[in-house]
Each structure stands twice: as C-alpha cells, then as structure tokens.
Amino acid sequence: MDKADLWDTGKVEAADSNDIIYRGKPLTSNAQCYWKVQTWDLAGRLSAWSQIGKWEMGLLAPEDWGASSWIGNGQAGPAPYLRHSFTLKGAVKRARLFAAGLGYAELHLNGRRVVPSNERDPGYTNFNKRVLYVGYDVASFLKTGKNCLGAVLGTGWYDVHDVAIWHFERASWRGRPRIRIVLIIEYKNGSSEQVVSDESWKTSTGPILTDGIYTGETYDARKELTGWDDSGYSDSSWSPATVLDPPKGKLVALSCPSVVIGETIKPVAIHERKPGVFIVDLDQNFSGHAQIKLAAPAGTSIRMRYSERLNKDGMFDRAQIETFMEKTAPPQPFQTDTYVCSGKGVETWEQRFSYSGFRYMEVSGFPGTPTLDNFRGRFAHTDLQSAGSFECSNELLNKIQHATRYSYLSNAQSIFTDCPQREKNGWTGDAHLAAEAGLMNFDSVSLYEKWLNDLADEQFDDGRTSIIVPTWGWGAGSPHPAWDSAYPIIVNDLYHYTGDWSLIAKHYDHLKRYVDGLAAQTKNGIIPFDSLGDWLPWSTQTPSQVTSTAFLYLDASILAGFARQLDNGNDAVKYDQLAAATKKAFNDTYYHPMKGIYSNGSQTSESTALYFGLVPENRISLTFQALVADIERQGHIDTGIIGAKNILRVLSEGGRTDLAYKLVARKEMPGWGYWMEQGATTLWEDWKGESSLNHIMFGDVSNWFIQWLGGIGLDPNSPGFRHIIIHPQPVGDLTWAKATHISPYGEIASSWTKIGNRFKLAISVPPNCNATVILPGAHNSEVGSGRHEFQVDLTPRRID
C-alpha cells in the first residue's frame, strides 16, 4: 500500500506544491487511480500519509465506446423515450455508465433517475466540433437478473426549433435528439461485459409533448408511461429504436460540473390581477423554472409564463425580453410551461429541458385559488461551489454583492451567457468582464476551461473568432476586439488566479493567430473599423476605435508575457514590439496635450488608458487628475461595461478608493446602488433598467469589493495567490468589512473593524504562502502562513 505503481513524485518543494504535472505511467480509459500525500513542516518533520483518495478516467478513444450506436426515434414530435432490458449473470463489482445525449438526456436505471439533481446534461457546444459525454458510477443501481436502462431526450441547443433572430434552427448540426451509451460492467468473478445503445433498444413517446430552449415545455401527465424505466414494464407496443447518424464533433468528457437545481425558492406573494390569472412573486430574479404541486381533475391545463418585471398595473411585462423572438403563425410561446393534470391525487411536476429567467410567474388555468405552497422556484445553474465572500456594514453594498452572485450563477449554464431569458448566448464581452468576479467568488475554473475549448472551436484559420460562443454561424468572423479579447484575457485571468500555466501552453497557438490577425487589420497602428466597445454607457459614448486599439495593446502585452512563460524569446520580443508600437500609435492618435485628455475625455477613455498601462509615466498623474475631475464634476459614473470595470480599479490604485466607493454606493441613477434602491435582486443590463434585469457584465464590482474593501489583493507577480497583498481600505461610512477567497493554497480571510479612530484587522494566510499587509497610515508588514491580528490608531497626528 505504500508503494506507488503509477507514479511517485518524491518530495516536492513548496514553490512547486500546486499544479504538479503528471509524469507517471500512461493512464488508460475507465481506469481507477488512487493517491495519497504526506507533507513536511518548516522543521522538516514528516506527517503521516493522508487518507487514500481516488479519481477515475473517462473514455479516451473512440473504440472505448464498443459497438454502441447513436439512436433515437428519428421522428418529429414529442420527446423520445428509450429503454433496453438486459440480464446480469452475477454479482457486480463495478459499473460505469457513459452517455452522450443530444441535445439533452435524462438517464434512468431500474426505475430511478441516475442523477436526480442534474438537468440539461451533458452541456452545450458547437456540435460540429465537440460533443460532451458524462459518466456515472451505477453499481448500486444494478441487480442480478433482469435490469432496465432508459433515457428521455430533449431538443436543447442541438435541435433548436424556436425561431429567434439568431436562427439556431438553421444550424448545420441540427437533427432529432439522439443518444450514445455504453454501460461497462465488471463482475466480482473477474468477467466483464458491455451494454450498448443499438437497434435492439425500444422507443416511444410520452408526456413531454414539446420542449424548447426558449419556448419552454408542455407536459401532459395523462400520457405518463408508469414504470417505463423498470425491468417489469411491457414494451411490446414500443417501436425499435432508429440508428441515427453520428454528429461531426469529437466525443469528449464534460470537464466542468453539470447544471443542477442549486436552490429552491419559496414565493412571497400571489395576486389575482384579473379573474383566473394569478401573479406569483418569488422575490428573487434567477434562472430556472417553477415546480407546481396540486390536485385537480384529469385534463386540467395550467399555464405558467415567466417574466422578470411587471407593468404599472401589476401585470406581466415581457416586451423587452421577447423582442428577439420571431413572429410566427401560430404565435410561438416564450418562457412558458404548460402542465396537464393526470387527475391521480396530488401531483408534483417541474420541467427538465429548458429554463427561463424570471422573478414572476403568471399562472392561468389553476382550479380555484392557489396558495404559496402550490409553487416553488427552482434555481438552475452550473454547480459552481462558492469560493469567496464579502460582507460589510453598508447593507446597500451587501445587496450589490448578493445581486452579483445571483447574476453570475444565473448566467452559468454550461457556457457563460449574457442573460437567462432574452438571449441565452455566450457573448464574449460579458464573459471576460465578469471573469475575475467569477473566479474570486466561485470555483469556476473548470467551466472557464470548458468555455475556452468552445472558443477555440469557433476560431477561423486567420485568427478570427465569434462574438457569441458557441455559435452555428451567427456572429462568427466579424471582429470586435474589445469583446473578442475574451480569449487572451480569460486565459491570463486563469493563470493569475490559479498559477496553472498549462492553459497558456494549450491555447498559445490559437492566441497567436488571434493577435496576429487583429494586428494585420490596423491602419497606422490603430484599429480603424467600428465594432462593439463600451456597451451601454450612461451618456458619453467612447469611440470603439479607442477601446479596440487599447485591447490590441493589452492582448499583445499578455501574449508577450505568455511567450516568456514558455521560454519563447523570439515571440516575447515580437509581441513586446507590437505592444510598444500600439501604445505609441494610441498616444499619437488619441492624446490631446492641450486638453490633457484621451479621445473625447470620457471616463472610459481615461480609465482604460490608465488601467491598461497605455499612459506614459510622465502623464499618469495628469490623466488621473482629469478622470477624477470629470467624476467630481458629474457626480456619478458615466461609462458602459468596459469603463465600469476599469474605473473602480484605477481609482483605488491611484489612492481614491473613497471616490470609487461613492460611485458604487450612490443611490441615485446611474449606479449600482440605484438598482438596489429600485428593488433589484440581480444586476441590470443598463443603468436605467430599460433592458434585461439579469445581466452579469457590470459584475466586476464584486471583485473590487473583495480586493479593495475587504483587502484580499491579487499580486500580479505571484500567480495563484502564493503572495497576497492584504490592503483593506476603510472608506466612507464603512465601520467593518470581511472577505474570504479560497485560493489554490487554501482559504484567505480578511476581517476589519473601525471603531472611532481604532482600526483592527484579522487575517488568515494559507500554508506555503506569505502576505504583504498594508495598514491605513502605517508601514507595511510581511507575514507568513497562519492567523495574524493588527491594530492601528488612526488619530490624525499634528505636524509642527
């Protein structure tokens, strides 16, 4: 038990104790791998071995799927049900079920759902490039003798029939739902066998009459197939399954958590706005669907429509979020679930293949008057575990933090989306602007890794990519540098937050093609064309050429750093030179020395130039003063989504966290605080609240809370928080704040109070880390791992 048969690392020094690359024997498909560790302390004392851990391998090669085929019913209409009976000849030692469902698959085995909490598995990709599969331990489901394996298939993004302006119904990958399955069984006697999807399976349809990613689900409980997934069920009336063409994309494992029901939300009020039409208020905007519980006669049809806002009369207002759905005859539904009762006592139902963004439900067809107990909201999102927190004495900021986290999760749907209702698309600008907030608050690394693969799949040979990822073609190839830069930016963010450089190596050639292609489109060093930039500013629009050129500089700088990380000296010189040339062109073109401003002097122009490092050293103070003067003149933020991230960071880095705090805590329009004063429970798309009410693109404010108010700062020269900058800033009316972040080395914590002129700070530094502690009005301190406390007297001192 103490001798490794795959790999023994030997003693690893502290500097290399994370992200150790596996250098053992080759790993094989479906293998079980066991591991354990021991540690040395500073005195060289050796610990006992840890408990044994385990991971398992997926299927690494096409032949590992055995004789399995893609199967379905091949027919338009209700959702396909598939089942297969098989007999086990003895006691089972180990069993693994691997399944790839298009668009989604709900798996059943011997009368039970394999994973009851999951939905919309296995996730969304460009199916022409990549198809995901999931794997489960199902040994406990099996029994000696007759067994039954089944699946229900949903259309998802593979068979989009909802008609919107993005026209996913035209996708070349589109086809009827299908699934590929292999169940690998190992018996206790040492033998093994496989159960695979093929033409011997049976298929039928059942209660799911329609399902659509935008439209919703219609379910007729009178058509339920009771016991269909059990071995004793008679499937004599079912038809043979149809073997269907495989998708073009390669099969790869889902490498991030599945979408799950992360929370059940109780409604707070029900109002009957007109006879038989009830508005259910869940008091929280979120992504997901409703669960309904009732007893009613057979055939009773209850319609549930979802919306995030009401009009002044308290009725549904969905004009803004329906705007991109095409007008059809007959009219297609939107964010609508319909349940037809079976009449068999108390019935509980919720849909499984779609989702909506909403706070309110409009319920019609309900027999009698519903109560709060008849409904629950089901918050569905990728199962990202919390990895950070922030709380302070200003409840307004706590509400902004709450709203940011709900918006982030609402837009984590196996990809990163802009909003969970109107579009559900993976807009690149939204993704990179919220990335650091996501990494600071959640264990979201694996989802970003998955989405970066999606981004790579969309790239053209000349480096161009798509404005939404994944896509069937809409938005592909049209350059928008301030948004497309999501590719290098997110790779860079992951490196700095985790210290893992393997993603740099994996995506480096793609990133080179992107930056080279963008640089080739410049004119005199400037991006000349119009594109998406500082989306939805308050009043002052920054020319997109300004932001596009700034992002080219940032991209070139990032790539130069990546080249050095990979010991590629020639590329480091090349991209350093590109960055320098872009910086010169930017200053020559956009800086106005007589006015001391960049471009039109917008807050976005100034803050972006400062934050990206485009301002020459001798102009930094003047440019910063110009930014501060504009903020003080206007009294509020005047940016779109790009400036909103940069401005708070620039102000804090320049010693004006007090001014940044005023921007955030402002209760009047525009500002995050204004949204909270209007009752927002998620972040809005625009400062006035005229568009979507659940967008994440203004979400970097949460990262600013944790880094600059809570004081857990990321050191750009020490990836993975090996060295931490603890710099809490007690500004405004704050009397206390606390923040946490779970880094690769463990939890970092910072908690401070300010009572009168007495400032107290308590911090926790993880093992193998150290921190620079910067206290208000005091000298810096250097500390190692462990818990530390500090006190400072903030009484102003007289200087004679």
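Before reading on, note that the structure itself is shown above.
Residues numbered from 1 in each chain as written. Predicted model: local features only at pLDDT ≥ 70, side-chain atom pairs only at ≥ 80, totals over all residues. Heavy atoms only, no water.

Brief notes about the packing of helix H4 (residues 445-457) against helix H6 (residues 486-498)
- For the pair H4 and H6, the least separation of the axes is 11 Å and the interaxial angle reads 155°. Relative to H6, the element H4 is oriented roughly antiparallel. Here H4 runs over H6; the crossing is left-handed. Between H4 and H6, the residues in contact are Val-445, Tyr-448, Glu-449, Trp-451, Leu-452, Leu-455 and Ala-456 and Ala-486, Tyr-487, Ile-490, Val-491, Leu-494 and Thr-498, respectively.
- The residue inventory of the contact of H4 with H6, partitioned by class, reads 11 nonpolar, 1 polar and 1 charged. (Axes fitted to C-alpha atoms, helices over the stretch in contact; angles between N-to-C directions. Helix = DSSP H or I, 4+ residues; strand = E, 2+ residues; numbered from the N terminus. Parallel < 35°, antiparallel > 145°, perpendicular 65-115°, else oblique. Left-handed = near helix turned anticlockwise from the far one by under 90°. Contact = heavy atoms within 4.5 Å. Nonpolar A, V, L, I, M, F, W, Y, C, P; charged D, E, K, R; others polar.)

Brief notes about helix H7 (residues 502-519)
- Look at H7: 25 Å from first C-alpha to last across 18 residues, which is about the 26 Å you get at 1.5 Å a residue.
- Considering bend angle alone, the principal kink of H7 is centred on Tyr-508 and spans about 55°.
- Along H7, the residues classified as buried are Leu-503, Ile-504, His-507, Tyr-508, Leu-511, Tyr-514, Val-515, Gly-517 and Leu-518.
- In the core, the buried residues of H7 are packed alongside H4, helix H5 (481-484), H6, helix H8 (544-565) and helix H9 (569-590). (Expected span 1.5 Å × (residues − 1). Bend = angle between axes of the 7 residues up to and from the residue. Buried < 20%, exposed > 50% of the residue type's maximum accessible area, 1.4 Å probe, protein only.)

So, the nonpolar core
- Counting 225 residues, the largest nonpolar core has Leu-107, Ile-179, Ile-185, Met-361, Leu-651, Trp-672 and Trp-675 as its most contacted members.
- Tallying contributions element by element places H8 first for this core, with 12 residues.
- Those residues in contact with Trp-672 that lie beyond four places of it in its chain are Ile-400, Ile-637, Ala-644, Leu-648, Leu-663, Val-664, Leu-683, Trp-687, Phe-698 and Val-701. (Core = buried A, V, L, I, M, F, W, Y, C linked by side-chain atoms within 4.5 Å.)

Description of the sheet that holds strand S30 (residues 723-726)
- Read across the open sheet, the 4 strands follow the order S29-S30-S34-S35; overall the sheet is mixed. Every interior strand has two partners, whereas the edge strands, strand S29 (712-714) and strand S35 (781-783), have only one. Strand-to-strand, the axes of this sheet are offset by a mean angle of 30°, without reference to chain direction.
- Sheet topology places strand S34 (residues 770-773) next to S35; 3 bridges connect them, and they run antiparallel. Within S35, the position partnered with Val-773 by the bridge is Ser-781. (Pairing = 2+ DSSP bridges.)

With respect to the sheet that holds strand S33 (residues 758-765)
- Strands sit in the order S26-S31-S32-S33-S36 across an open sheet of 5 strands; the sheet is antiparallel. Where the open sheet ends on each side, the last strands, each with one partner, are strand S26 (388-392) and strand S36 (786-793). Across the sheet, the axes of successive neighbouring strands diverge by a mean angle of 5°, strand direction being ignored.
- Relative to strand S31 (residues 736-743), S26 is paired through 5 bridges, and the arrangement is antiparallel. Bridge pairing in S31 places Ser-389 opposite Thr-740.

Some words on the side chain of Ser-485
- Position of Ser-485 relative to the elements: it lies in the loop between H5 and H6.
- The contact partners of Ser-485, leaving out residues within four places of it in the chain, are Tyr-514, Phe-551 and Asp-555.

A closer look at unusual backbone geometry
- Of the consecutive residues Leu-102 and Gly-103, the connecting peptide bond is found in the cis state with omega at -10°.
- Residue position: Gly-103 is located in the loop between strand S5 (92-102) and strand S6 (104-109).
- Omega for the peptide link from Val-469 to Pro-470 comes to 0°, which places this bond in the cis form.
- For Pro-470, the position within the fold is in the loop between H4 and H5.
- For Asn-524, which is not glycine, the phi dihedral falls at a positive 55°.
- Locating Asn-524 in the fold gives a position in the loop between H7 and H8.

Observations regarding the pattern of salt bridges
- Under the counting rule described, the total for this entry stands at 38 salt bridges.
- Where Asp-137 meets Arg-96, a salt bridge forms, and the shortest distance between an N and an O atom there is 2.9 Å. One end of the pair, Asp-137, is in strand S8 (residues 130-137); the other, Arg-96, is in strand S5, with 41 residues separating them in the sequence.
- The exposure class of Asp-137 is partly exposed, given its relative accessible area of 47%. (Salt bridge = Lys/Arg side-chain N within 4 Å of Asp/Glu carboxyl O.)

Things to note about the packing of aromatic side chains
- Taken as a whole, this structure holds 42 aromatic pairs when the rule is applied.
- Plain terms: the ring middles of Trp-157 and Phe-168 are 5.2 Å apart, the flat faces sit at 70° to each other, and that makes the pair edge-to-face. Residue Trp-157 is located in the loop between strand S9 (145-154) and strand S10 (178-187), and its partner Phe-168 is located in the loop between S9 and S10; the two are separated by 11 residues in the primary sequence.
- Classification of Phe-168 by relative accessible area gives buried; the value is 3%.
- Ring geometry for Tyr-219 against Tyr-339: centres 5.9 Å apart, planes inclined by 20°, an arrangement best described as stacked. One end of the pair, Tyr-219, is in strand S14 (residues 216-220); the other, Tyr-339, is in strand S22 (residues 336-340), with 120 residues separating them in the sequence. Each member of the pair Tyr-219 and Tyr-339 is classed as buried.
- Within the aromatic cluster, the residues linked to one another by ring pairs are Tyr-124, Phe-127, Trp-157, Tyr-158, Trp-166, Phe-168, Trp-173, Tyr-214 and Phe-324.
- The residue whose ring lies beneath Arg-464 is Phe-460, and the NZ or CZ to ring-centre distance is 4.4 Å.
- When the ring centre of Trp-538 is taken as origin, the NZ or CZ atom of Lys-688, which lies over that ring, is 5.6 Å away. (Phe/Tyr/Trp six-rings, centres within 6.5 Å; stacked < 30°, edge-to-face > 60°. Lys NZ or Arg CZ within 6 Å of the ring centre and 35° of its normal.)

What to know about H8
- With 22 residues, H8 should reach 32 Å at 1.5 Å per residue; the first-to-last C-alpha distance of 31 Å fits that figure.
- A large share of H8 lies buried, amounting to 18 of its 22 residues.
- Directly beyond the C-terminal end of H8, a positive phi value near 60° is found at Asp-567.

Looking at the environment of Glu-395
- Checked against the element boundaries, Glu-395 lands in helix H1 (residues 395-410).
- Remark: the alpha-carbon pair of Glu-395 and Ala-665, spanning 270 residues in sequence, is separated by 9.9 Å.
- Within the structure, Glu-395 has its side chain in polar contact with the side chain of Asn-398 (distance 3.1 Å). (Polar contact = N/O pair within 3.5 Å; in protein donor to acceptor, adjacent residues only side chain to side chain.)

Nothing here speaks to function; it is all geometry.
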